[in-house]
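Notes for the structure review
Chain by chain, the residues run as shown.
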Amino acid sequence: MINAERRRSMAERRPSTLNRSSFSAERKSSIAVVPHLAGIEDPLPETTPDTVDVVLVGTGLVESILAAALSWQGSSVLQIDSNSYYGDTSATLTIDQLKQWVQDVNKSNLKCYENAKLHISSNIGRGLYKSREFGIDLSPKILFAKSDLLSILLKSRVHQYLEFQSLSNFHTYENDSFERLTNTKQEIFTNPSLPLMTKRNLMKFIKFVLNWETQAEVWEMYRDKPVAAFLVDKFKLEKAQVYELIFSIGLCYNIDVKTPEALQRIRRYLTSFDVYGPFPVLYSKYGGPGELSQGFCRSAAVAGATYKLNESLVSYDPDTKIAIFGDGSKVGVTEKVVIAPTQCPENSRNVPKQKYEVQRLTCVVDKPCSEWFGEGEYSSVVVFPPNSLKSGNRQAVQALIMGAGSDVCPTGTSVWYLTSTESGPRGEMDLDAALGALEESIMRESSADIENDEGIMEVDNSGHMTLNSVKLGQSFKEYIPREKLQILVKLYFKQLTSTPPFEVVDSSIFDINEPVGSELKKLIPGASDNGVLYTPLPSAEISYDEAITAARMLFQKIVGSDDDFFDLDFDDEDEQIDESAVVDDDEDDKMNMTLDVEMSVEPVDFAGEMEI
Amino acid sequence: MHGIKRRELTQELLRKKRARDAEKITTYRTLTERVLTSKARGYYTPDELEITTRLLELNPEFNAVWNYRRDAILTLKEQLRSDFWVNELKFTTRQLQAYPKVYWIWNHRLWCLNEYPGSPIERWQLELALVNKLLSMDARNFHSWHYRKIVVKRLEQMSRKNLNQQELDYTTEKINANISNFSAWHQRASLLPKMFAMGQIPDEKSFINRELQYIINAMFTDAEDQSVWYYIKWFVRSDCIVSKLNTEEYKNLLQQIKNGILLINEDEKDFSGKENMWCLKLLCVLETIQIAQLKLDIVPKRSEYLDKLIKFDPLRQNRYRYLAQRP
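Bear in mind that the values here come from a model prediction, so they are computed numbers and not experimental data. (Residues numbered from 1 in each chain as written. Chains lettered and ligands numbered in written order. Predicted model: local features only at pLDDT ≥ 70, side-chain atom pairs only at ≥ 80, totals over all residues.)

**Details of the overall build of chain A**
Within chain A one finds 19 helices and 22 strands. Considering chain A as a whole, with its 612 residues, one finds that 45% of them fall into the buried category. Across chain A, contacts joining residues at least 24 apart in sequence account for 75% of those joining residues at least 6 apart. (Helix = DSSP H or I, 4+ residues; strand = E, 2+ residues; numbered from the N terminus. Buried ≥ 20, exposed ≤ 12 C-beta atoms within 10 Å, placed from the backbone. Contact = placed C-beta atoms within 7 Å.)

In structure tokens:
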């Protein structure tokens, strides 16, 4: 099943034989052996098991997290995917795979996707760039430093298969310019353009929101009201700050978002800041959810799950509890069959309604876009609040920019992921307008004129700061670019989902086919999917939060409780590491006269010790 | 403990842990006994020196052992290897990495630098780099700040170059990074009088004005932070500042701060229904200067502020009562 055009898989980049640990001998011996995954490194298994506890159809992120959780809990799992690659709706694809994918969508082979349009420049494939130099995510995501998924990645040790990079630059698009967020105490203090009272109000809000739940007296009255009203009434914040908080920090799509939901989202950002460093968010190198799905599949395989690609479910009979597959094989199921709606069998009648739209516009452009990235970083988030675009957008448009340093595209290019929750043709118009704004901005910011313009801030010798020029962006409002941006790849598509935008996964979709009271719900005669559970498809949510919530809910449905959801403890090795790390005999050799080296020996441990 | 998972120890693991601990305790006791015996006998050999290393790695707080180590080093001075001092410094660096707040390690490091053959300036420059590194890891470790002062003073003596400006910039950098840095504000307050006295501040009045905007900015950013309030209290009464201003300018400066504080306090009342205690305390300070020193004809509110403080901050009520009795 090896396809010459695919990207190097995670397992190839990090083969199981390679021991990445260099801390201590104890650790080396205790690292779990990671098997290759069928379909990627190994040929597909000749036979499938006779019976399993759970059959999972689809290798999207939710199904893969679930596979790992169930396998470690002790259930036997068979996970299949009708595609030749892992990831399904979370996949990371090469340009050639993307071409095939678009054809499949338009032949209606792929349910839940519509209206896919792909433009590819002749520079790809023929010379300048190769198809597999790109890894395009179907549903790009970012990972908050303090989040459920991150703690599960650590607990399950799936993080060892992955590489993470930080993302600290969040921009809000306003008045034709990109404002970088002012969100830390340091930035608020040193920002010379913020009025004093605004500084105070912002700081007051930030202190409040970190413990907002325990201060009901402050927000109770606004429980059912939009958060914008709360921020203006209670904290006297100005529009610019309100928009930053709701759209860039909270990453909400709509100004009407309710106070508690928005506070939760704003806090998510702020508590994530400085957990691993001065940034709130991480992402996995080489591709987002596609990498994570593979990581969880690998982890599930370690715990005994069986994998088959290019395999589809034909039907499941809840009476005999037998699942039949595309190759004619059968398997007995003791617990449940769980299906991604994209991979439901023919004659399905029970697929939950996918009534919400996510519209995406993904572009690869021939600009590195490093202007938008933080120092030493390769990605950023740009948010277009409602009404900030020429299209008069009613909802926010979010853009995730990934540079070549994240290894999803070749040097000199970058990938722009634009997402909108607006439905119908308006959605496409908003995405186009946002693309235009990004294009205009990068053309003038990367033009040579600006390169001579050193710093905008002047700091005198006692540290007092003065602003010596107007803000970047604004000063070039009149600038007309001499060259045009080259768009190498442009992909539109609409994805449907059962999850409403920016709300938690709706658990009612899991109740289909469940007994109501004592009576079994009537099975639909002739349906091929009676008695199965369906997973929710990704929504427009930019974080991974919903995926982990969905996986946990499904786990609880299948196992009966979520007590064992990744209740893993690989920690016994750590204790020995700690002790051997305290006095390391090799340390003397590593110690060098140059201070940098001297001080950088295990900086993480050191930093931890210093925090008192 | 912060961020450290509590682990349910199984019986088996518990036994193993106890066995490991027992072994450690035995080692520690054996080492302690040997060192203390040698110390009592005034017995110094390279082997004994090596034993103190092992013991101090287990317990860096054992100052008697550090003292013995120094005696041993001085006694053995002539037979030490040429790289001894470099290694000794490396040893304390390692110790500081693990225990950045142990006095005796800092003390020993300083002793090493002074005893270091020739004690060259390059060595002290490296030392400043080390302190920078330590302060970048924990900007509020007062041990590091104290040590920094000593190192800077030595560098100044050796190079005959004054480093006040560099050090002032350093405090700005640290305060900008985190305004709740008491050590940095304190260091700033000790540098400024020296700099004024030495004529190192070119345009004094405009400097004072910018410093005023800086602290007003700080109190608006975080009115809960006491290090800022302490600094303001110092700033408005510091001779090096006050002596540079004429009465009108001084009045003006006080009033600017007072206006800011009143605004913050009003806002606090609006928001939480409570007044800000630091605002009230500073208002007392400012009013005292305005009335007692500048003889301004303003309505005194000091006793009103103190009454509120007694109510809001009952733990210090006697202090406020005492202040209220004082004119």
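**Comments concerning the overall build of chain B**
Within chain B, the regular secondary structure consists of 16 helices and zero strands. Expected size for 327 residues packed as a compact globule is a radius of gyration near 20 Å; at 27 Å, chain B overshoots this value by more than 25%. In terms of overall dimensions, chain B has C-alpha extents of about 75 × 60 × 35 Å along its principal axes. By the burial criterion, 30% of the 327 residues in chain B qualify as buried. Partitioning the contacts of chain B with sequence separation of at least 6, the portion at a separation of at least 24 is 55%. (Rg over C-alpha atoms; globule rule 2.2 N^0.38 Å.)

**Comments concerning the packing of helix α1 (residues 11-41) of chain B against helix α2 (residues 46-58) of chain B**
Residues and elements named next belong to chain B. The geometry of α1 relative to α2 is characterised by a closest axis approach of 10 Å and an angle of 135° between their N-to-C directions. Judged on the interaxial angle alone, α2 and α1 are oblique. Once α1 is placed against α2, the crossing between them reads as left-handed. Counted together, Tyr28, Leu31, Thr32, Arg34, Val35 and Ser38 of α1 and Glu48, Ile51, Thr52, Arg54, Leu55 and Leu58 of α2 form the full contact between these two elements. Class assignment of the residues belonging to the contact of α1 with α2 gives a composition of six nonpolar, three polar and three charged. (Axes fitted to C-alpha atoms, helices over the stretch in contact; angles between N-to-C directions. Parallel < 35°, antiparallel > 145°, perpendicular 65-115°, else oblique. Left-handed = near helix turned anticlockwise from the far one by under 90°. Nonpolar A, V, L, I, M, F, W, Y, C, P; charged D, E, K, R; others polar.)

**Brief notes about the nonpolar core**
Residues A:Leu66 and A:Ala399 are the most contacted members of the largest nonpolar core, which totals 187 residues. With nine residues, the single largest contributor to this core is helix α3 (residues 61-73) of chain A. Sequence-distant contacts of A:Ala399, that is, excluding residues within four places in its chain, are made with A:Val381, A:Val382, A:Trp416, A:Tyr417, A:Leu418, A:Ala434 and A:Leu438. Of all hydrophobic cores here, the second largest spans 15 residues; its members include B:Val102, B:Trp106, B:Leu134 and B:Leu135. (Core = buried A, V, L, I, M, F, W, Y, C linked by C-beta atoms within 7 Å.)

**So, the sheet that holds strand β9 (residues 177-180) of chain A**
Residues and elements named next belong to chain A. The eight strands lie next to each other as β4-β21-β15-β18-β17-β16-β8-β9, forming an open sheet whose pairing is mixed. Among the strands making up the open sheet, the edge pair consists of β4 (113-120) and β9. Neighbour to neighbour, the strand axes of the sheet diverge by 20° on average, direction disregarded. In this sheet, strand β18 (residues 414-420) lies alongside strand β15 (residues 356-365) in antiparallel orientation, the contact comprising seven bridges. Looking at β18, one finds that Val365 is bridged to Ser414. Its contacts with the sheet put helix α10 (residues 239-249) on β8 (170-174) and β16 (379-384), and the angle it makes with β8 is roughly 130°. (Pairing = 2+ DSSP bridges.)

**Things to note about the pairing of strand β1 (residues 51-57) of chain A**
Residues and elements named next belong to chain A. Within β1, five of the seven residues are buried, which leaves it mostly tucked inside the rest of the structure. The pairing of β1 with strand β2 (residues 77-80) spans four bridges and is classified as parallel. In the sheet register, Leu56 faces β2, and the bridge partner there is Gln79. Regarding topology, α3 serves as the crossover connection from β1 to the parallel β2, and that connection is right-handed. (Right-handed = clockwise from strand over helix to strand, strands pointing away.)

**Quick notes on the packing of helix α4 (residues 84-98) of chain B against helix α5 (residues 103-115) of chain B**
Residues and elements named next belong to chain B. Where α4 contacts α5, the two axes come as close as 10 Å, and the packing angle between them is 160°. Compared by their axis directions, α4 and α5 come out roughly antiparallel. Pair α4 / α5 crosses with left-handed handedness. Where α4 approaches α5, its residues Trp85, Glu88, Leu89, Thr92, Gln95 and Leu96 are matched on the opposing element by Ile105, His108, Arg109 and Cys112.

**What about the environment of A:Asp529?**
All names here are of chain A. Within the element layout of this structure, Asp529 appears in the loop between β21 (487-497) and β22 (533-534). The exposure class assigned to Asp529 is buried, which follows from the 25 C-beta atoms found within 10 Å. Asp529 sits 190 residues away from Ile339 along the chain, and the two C-alpha atoms are 9.0 Å apart. If we skip the residues at most four places from it in the chain, Asp529 touches Tyr316, Ile339, Cys344, Pro345, Ser348, Arg349 and Asn350.

**Description of the sheet that holds strand β10 (residues 281-284) of chain A**
The strands that make up a sheet pair up through hydrogen bonds in the backbone, lying either parallel or antiparallel. The strand order β6-β10-β7 (chain A) describes an open sheet built from three strands, whose pairing is antiparallel. Sheet topology places β6 (143-144) and β7 (164-167) of chain A at the edges, where each strand pairs with a single neighbour.

**Digging into the domain arrangement of chain B**
Interface size is commonly expressed as the accessible area that is lost once the parts come together. We note that the domain assignment places domain 1 (22-80) and domain 2 (208-327) within chain B. Between domain 1 of chain B and domain 2 of chain B, the C-alpha centre-to-centre distance is 54 Å. (Domains from an automatic or database assignment.)

**Here's the deal with the confidence of the model for chain A**
Residues and elements named next belong to chain A. On average, chain A scores 80 in pLDDT, and the residues at 70 or more come to 76%. The lowest-confidence element of chain A is helix α19 (residues 603-610), averaging 29 in pLDDT; the highest-confidence one is strand β17 (residues 397-403), averaging 97. In the predicted structure, residues 448-461 sits below a pLDDT of 50 and forms twelve contacts with residues beyond four places in sequence or in another chain. Contacts for the low-pLDDT stretch residues 515-519, under 50 throughout, to residues beyond four places or in other chains number three contacts. (pLDDT = per-residue confidence, 0-100.)

**With respect to unusual backbone geometry**
Among all residues except glycine, the phi angle is most often negative; among peptide bonds, the trans geometry is most common. Residue and element names in this part refer to chain A. Notably, Asn115 is not glycine yet its phi reads approximately 55°, a positive angle. With respect to the helices and strands, Asn115 occurs in strand β4. By the C-beta count within 10 Å, which is 14 here, Asn115 ends up partly exposed. Here Asn310, not a glycine, exhibits a phi torsion of approximately 50°, which is positive. Relative to the helices and strands, Asn310 resides in the loop between β11 (306-308) and β12 (313-317).

**Let's talk about the environment of B:Ile51**
Residues and elements named next belong to chain B. Among the structural elements, Ile51 can be located in helix α2. C-alpha of Ile51 to C-alpha of Leu31: the two residues are 20 residues apart in sequence and 6.9 Å apart in space. Residues contacting Ile51, with those up to four places away along its chain left out, are Leu31, Arg34 and Val35.

**Notes on helix α11 (residues 259-272) of chain A**
Residue and element names in this part refer to chain A. Taking 1.5 Å per residue as the helical rise, α11 with its 14 residues ought to reach 20 Å, and the 20 Å between its terminal C-alpha atoms agrees with that figure. Among the 14 residues of α11, ten are classified as buried, and the element is accordingly described as predominantly covered. Among the residues of α11, Thr259, Ala262, Leu263, Arg265, Ile266, Arg267, Arg268, Tyr269, Leu270 and Ser272 are the ones counted as buried. The elements touched by buried residues of α11 are β6, α7 (196-210), α8 (216-219), α9 (227-235), α10 and β10. Of the residues trailing α11, Asp274 is marked for its positive phi of about 70°. (Expected span 1.5 Å × (residues − 1).)

**Brief notes about the environment of A:Val62**
Residue and element names in this part refer to chain A. Within the secondary structure, Val62 sits in helix α3. Residue Val62 is classed as buried on the basis of its 32 C-beta neighbours within 10 Å. In the structure, Val62 is positioned 489 residues away from Ala551 in sequence and 5.3 Å away in space, judged by C-alpha atoms.

**Focus: the confidence of the model for chain B**
Predicted coordinates in areas of low pLDDT are best not read in detail. Residue and element names in this part refer to chain B. This prediction gives chain B a mean pLDDT of 91; 97% of its residues lie at or above 70. In this model residues 1-6 is a low-confidence stretch, pLDDT under 50, and it forms one contact with partners more than four residues away in sequence or in other chains. For this predicted complex, the interface score ipTM comes out at 0.82, alongside a pTM of 0.79.

**Brief notes about helix α10 (residues 204-221) of chain B**
When the terminal C-alpha atoms of α10(B) are compared, their 26 Å separation across 18 residues agrees well with the 26 Å that a helix rising 1.5 Å per residue should span. Of all the positions in α10(B), only B:Phe207, B:Ile208, B:Glu211, B:Tyr214, B:Asn217, B:Ala218, B:Met219, B:Phe220 and B:Thr221 are classed as buried. As for α10(B), its buried residues are in contact with α6 (185-190) and α7 of chain A together with α11 (226-237), α12 (239-242) and α13 (247-272) of chain B.

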